[in-house]
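# Analysis of the macromolecular model
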Amino acid sequence: MGEAGSPARKAATLAAAVRPLVVDPAVMDCIRPMQARDAPDVARLHHAAMGQSLWARLGERFLSQLYWSLVSTPGFLAFVYVEEGELRGFIAGSTDPDAMLRRAFAKSWFLLGPAAFPGILDLRLWPRLLQTAAYKRVSDAVELPGPVSAESLFCSFSPDLRGKRVAGAINQVLFDELAARGHRYVKITTETDNEGANRQLKSWGFLDCGRFRFYGKEMVTYVLDLQASVRVKARSRHPMLE
């Protein structure tokens, strides 16, 4: 494959073709890094938006314990949207999801295990739990534009915030932080039938890198070239994360 048609060139071309994001300063003022005390509210939003996902089906108690553990785990990055004292949205990502999850479960297994009850007793979840170990091998089968370790994992907001550009602003905060840490690309995987997510990712200039099947569903992997995107600035790291 020639350079003109390479995934890296396509990713850069798509990212550069996107118009700059118009960000409301008032919205940006409501975004801050996630803290341990935010875990119950983040778990609630996660469960409301992704109730049929594997982790959500283990229950809000498990999700709350998981996020509480992740906040202090190297490689975890998350930001919350707080309006008039109420946490109304969040985004969570990682500089290395596999290593991050290994560290979180290794240090907090004695808390996460009990928190997964009674959800883990649902035998219908066991095939998914067993498949999870193969996720990296299956998902890495797509053709990426280069080495990609950073990933945006979860994002959820109160329904009435739709159309207020909060999602775009909090995505920019996460992507800016990743760029500031030296990451060239960020990856997002979603279901092919999630029309809203697919539409938003394409509007950001994400490159469709291919599809794979997991948990019985067709998934698609997108990658954004952070260096080429006019919406991403490699600002200095967020002061609250120093």
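Above this note sits the structure.
What comes next concerns the included structure. Within each chain, residue numbers correspond to sequence positions counted from 1 in written order. The predicted nature of this model means local features are confined to residues of pLDDT at least 70 and side-chain atom pairs, given and counted, to a pLDDT of 80 or more, with totals for whole chains, interfaces and linings taken over all residues. Note that the side-chain values use all heavy atoms of the structure and ignore hydrogens as well as water.

## Digging into the overall build of the chain
Regarding its fold elements, the chain presents ten helices and seven strands. Our radius of gyration is a C-alpha quantity, and the globule rule it is checked against amounts to 2.2 Å times the number of residues to the power 0.38. Compactness check: the chain gives a C-alpha radius of gyration of 18 Å against a globular reference of 18 Å for 242 residues, within 12% of the reference. C-alpha atoms of the chain, sized along the principal axes, occupy 50 × 45 × 30 Å. Classification of the 242 residues of the chain by burial places 46% in the buried group. Numbering of helices and strands runs from the N terminus, with a helix taken as a DSSP run of H or I at least four residues long and a strand as a DSSP run of E at least two residues long. Classification of residues uses two cut-offs on accessible area relative to the type maximum, computed with a 1.4 Å probe and protein chains only: under 20% is buried, over 50% is exposed, and between them is partly exposed.

## What about helix α10 (residues 195-204)?
An α-helix turns once every 3.6 residues. As a result, residues three or four positions apart point the same way. Those residues of α10 lying buried are Asn198, Leu201 and Trp204. On an axial view of α10, the arc spanned by its buried residues comes to 125°, and they lie on one face. Turned more than 90 degrees from where α10 packs its buried face, Glu195, Arg199 and Lys202 sit exposed. Contacts made by the buried residues of α10 are with α9 (166-180), β5 (185-191) and β7 (217-225). Where α10 terminates, the next one or two residues include Gly205, which has phi positive at roughly 95°. Note: the arc covers the axis-to-C-beta directions of the helix. When checking whether two residues touch, look at their non-hydrogen atoms; a contact exists if any pair is within 4.5 Å.

## Section: the nonpolar core
Counting 29 residues, the largest nonpolar core has Ile31, Tyr81, Phe175, Phe206, Leu224 and Leu226 as its most contacted members. Those elements that provide at least two residues to this core are β2 (76-83), α9, β5, α10 and β7. Considering each element in turn, this core owes the most residues, eight residues, to α9. Non-local contacts of Leu224, meaning those with residues more than four positions away in its chain, are made with Ala15, Phe175, Arg184, Tyr185, Val186, Trp204, Gly205, Phe206, Ser229 and Val232. In this structure, Leu63, Phe76, Val82 and Leu87 belong to the second largest nonpolar core, which totals 26 residues. Nonpolar cores were defined as sets of buried Ala, Val, Leu, Ile, Met, Phe, Trp, Tyr and Cys residues, with membership established by side-chain atoms within 4.5 Å.

## Observations regarding the pairing of β5
The buried count for β5 comes to six of seven residues, which makes it a mostly enclosed element. Note: two strands are recorded as paired if DSSP finds a minimum of 2 bridges between them. One ladder, built from seven bridges, connects β5 with β7; its direction is antiparallel. When the bridges of β7 are listed, Ile188 appears paired with Tyr222.

## Some remarks on the environment of Pro33
Within the secondary structure, Pro33 is located in strand β1 (residues 31-33). The spacing of Pro33 and Phe79 is 46 residues in sequence and 4.2 Å in space, taken between C-alpha atoms.

## Examining the packing of aromatic side chains
The pairing test for Phe, Tyr and Trp rings, Trp by its six-membered ring, is centres within 6.5 Å, and the orientation test on the planes gives stacked under 30 degrees, edge-to-face over 60, and tilted for anything in between. Under the defined criterion, the tally for this structure stands at eight aromatic pairs. Taking 5.7 Å as the distance between ring centres and 25° as the angle between the ring planes, the aromatic pair formed by Trp55 and Phe62 counts as stacked. Judged by its relative accessible area of 19%, Trp55 is buried. Relative accessible area serves as the criterion here: at 2%, Phe62 is assigned to the buried category. Ring centres of Tyr67 and Phe76 lie 6.5 Å apart, and the angle between their planes is 55°; on these two criteria the pair is classed as tilted. On the accessibility criterion, Tyr67 (1% relative accessible area) is buried. Take Phe76: its relative accessible area is 11%, and that puts it in the buried class. Taken together, the ring pairs in this structure connect Trp55, Phe62 and Phe105 into an aromatic cluster. Note on criteria: charge over ring means Lys NZ or Arg CZ within 6 Å of the ring centre, with the direction from the centre no more than 35 degrees off the ring normal. Above the face of the Trp204 ring, Arg231 is positioned so that its terminal group lies 4.9 Å from the ring centre.

Everything listed here is a matter of geometry and, on its own, says nothing about what the molecule does.
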